[in-house]
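Observations on the three-dimensional arrangement
Chain by chain, the residues:
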Amino acid sequence: MEIIKSRKKARMLKDNGISMKVSPVSYIQIAELCVDCLKYDNVRKSTLTVMNVDEFEGENEYGVLLKDVQSDSRYFPESLISEHRSGARLGGIVAFVLSGGFLK
């Protein structure tokens, strides 16, 4: 596991599932964000996107960004979870069948 340590990168997040330019985010940063989210009630019903950006575009900690997060205003179909579960089941079955053929 690679831990990303860079003083020239800063944290940035967007609410409402807004897309951002993709950049590596470490497991430690995600863990910090999860813990920080517990301190802010306003993030309960929000879809967050998190990336690292240049130091002048972001913040050194998530708390500064989390206090301004708003609940989702976009509609996310409730069927997404059931579709995900169906796809995961199908993928599991296919993987099981394929691995069974190699084990013989």
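Below is a short write-up of the structure. (Residues numbered from 1 in each chain as written. Predicted model: local features only at pLDDT ≥ 70, side-chain atom pairs only at ≥ 80, totals over all residues. Heavy atoms only, no water.)

Attention shifts here to helix α1 (residues 27–37). Here α1 has its buried residues at Gln29, Leu33, Asp36 and Cys37. The buried residues of α1 occupy an angular sector of 100° when the element is viewed end-on, so they sit on one face. (Buried < 20%, exposed > 50% of the residue type's maximum accessible area, 1.4 Å probe, protein only. Helix = DSSP H or I, 4+ residues; strand = E, 2+ residues; numbered from the N terminus. Arc of directions from axis to C-beta.)

Let us now look at the nonpolar core. The biggest cluster of nonpolar side chains holds nine residues, and these are Leu13, Leu33, Cys37, Val43, Val50, Tyr62, Leu65, Leu66 and Val69. The element best represented in this core is helix α2 (residues 62–66), accounting for three residues. The contacts of leucine 13, once residues within four sequence positions are left out, are Met20, Leu33, Leu48, Thr49, Val50, Tyr62, Leu65, Leu66 and Val69. (Core = buried A, V, L, I, M, F, W, Y, C linked by side-chain atoms within 4.5 Å. Contact = heavy atoms within 4.5 Å.)

Applying the stated rule across the entire model yields one salt bridge. Two residues, aspartate 36 and lysine 39, come together in a salt bridge whose shortest N-O distance is 3.5 Å. (Salt bridge = Lys/Arg side-chain N within 4 Å of Asp/Glu carboxyl O.)

Below, the discussion takes up the environment of serine 23. Mapped onto the secondary structure, serine 23 falls in the loop between β1 (9–14) and α1. With relative accessibility at 19%, the residue serine 23 sits in the buried group. At 2.8 Å, the side chain of serine 23 and the backbone nitrogen of asparagine 52 are in polar contact. (Polar contact = N/O pair within 3.5 Å; in protein donor to acceptor, adjacent residues only side chain to side chain.)

Moving on to the side chain of serine 46. Assignment of secondary structure puts serine 46 in the loop between α1 and β2 (49–54). A distance of 3.2 Å separates a polar side-chain atom of serine 46 from the backbone oxygen of glutamine 70.

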